[in-house]
Amino acid sequence: MELAGRQYLTGAGVDSSASKALEADLRHRANHDSLTGLANRHHFENILRHELTRSERYGTPVALIMIDIDHFKTINDRYGHPVGDDVLRRFAESLKERIRVTDSVARWGGEEFMMVLPQTDAHEGLLLAEAVRNRVAKTPRPGPGRITLSSAVTVQREGESRQELLRRLDEVLYRAKREGRNRVVTC
């Protein structure tokens with residue numbers, strides 16, 4: 001720019017760090033459960049879709065685990081929702097500690113959680129689910145004491161849709177509950 005016969009260089013800048021931070025926060029909130037910090041159901045379904053596609057493409061297994069905290073309603077009714085929330089948060093932390101960087105865990109809804117384990121067969125998924133169940137059963141919690149888990153483990157069958165896989169997994173979880181809870185069932 002020239003002003004009064006002299007040349008000047010001008011510039012302008014905008015600090016967008018606040019809007020970028022807000023955008024990242026909103027993206028996190030849209031994809032994660034606010035109580036546990038785990039992926040929410042919507043985000044997990046996108047992850048699962050991606051992992052199942054990859055599994056089909058490369059011919060590698062992907063294990064899926066559905067976990068339910070047994071008698072969770074009793075915890076909320078007897079000790080109150082703050083204690084129930086604490087149980088959910090601590091359980092979520094224990095799940096995060098058990099997974100590999102390639103695995104994903106989500107709060108599926110209420111006291112149900114899901115794990116997707118790429119390059120993992122049903123037997124390896126069973127071993128992880130049993131390890132989680134045993135660890136939780138042996139860990140005393142403030143208020144309710146010890147809690148137990150019912151879990152279902154499976155891998156996608158050839159030609160099975162994602163919806164069919166999830167329906168089958170849900171049915172097996174209910175079978176674990178009918179058979180007495182505090183167990184891992186595979187299908």
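About the thresholds
Residues numbered from 1 in each chain as written. Predicted model: local features only at pLDDT ≥ 70, side-chain atom pairs only at ≥ 80, totals over all residues. Heavy atoms only, no water. Pairing = 2+ DSSP bridges. Helix = DSSP H or I, 4+ residues; strand = E, 2+ residues; numbered from the N terminus. Axes fitted to C-alpha atoms, helices over the stretch in contact; angles between N-to-C directions. Contact = heavy atoms within 4.5 Å. Phe/Tyr/Trp six-rings, centres within 6.5 Å; stacked < 30°, edge-to-face > 60°. Buried < 20%, exposed > 50% of the residue type's maximum accessible area, 1.4 Å probe, protein only. Lys NZ or Arg CZ within 6 Å of the ring centre and 35° of its normal.

Engineer: Give a detailed account of the sheet that holds strand 5 (residues 112-118), specifying residues and quantitative values.
Structural biologist: Strand order in the open sheet formed by five strands is 4-5-3-6-7, with mixed pairing between adjacent strands. Looking at strand neighbours, the two that pair on one side only are strand 4 (104-109) and strand 7 (183-186), the edges of this open sheet. Within this sheet the neighbouring strands show an average axis-to-axis angle of 20°, counted without direction. Bridge count for strand 3 (residues 62-69) against strand 5 is seven bridges, and the pairing is antiparallel. By the bridge assignment for strand 5, Leu64 is matched with Val116. Strands strand 3, strand 4, strand 5, strand 6 (149-155) and strand 7 of the sheet are contacted by helix 6 (residues 162-178), whose axis makes an angle of about 145° with strand 6.

Engineer: Got a sec to walk through the packing of aromatic side chains? Specific residues and values, please.
Structural biologist: On inspection of all chains with the given rule, the structure shows two aromatic pairs. A centroid spacing of 6.0 Å and a plane angle of 85° characterise the contact between Phe44 and Trp108, whose relative ring orientation is edge-to-face. You can see Phe44 sitting in helix 2 (residues 41-58) and its partner Trp108 sitting in strand 4, a full 64 residues away along the chain. Like Trp108, Phe44 is buried. Between Phe91 and Phe113, the aromatic rings sit 4.9 Å apart at their centres with planes inclined by 75°, giving edge-to-face as the arrangement. Of this pair, Phe91 sits in helix 4 (residues 81-98) while Phe113 sits in strand 5; the two residues are 22 residues apart in sequence, bridging distant segments of the chain. Owing to a relative accessible area of 0%, Phe113 belongs among the buried residues under this scheme. The ring of Trp108 carries the charged tip of Arg41 above its face, separated from the ring centre by 3.9 Å.

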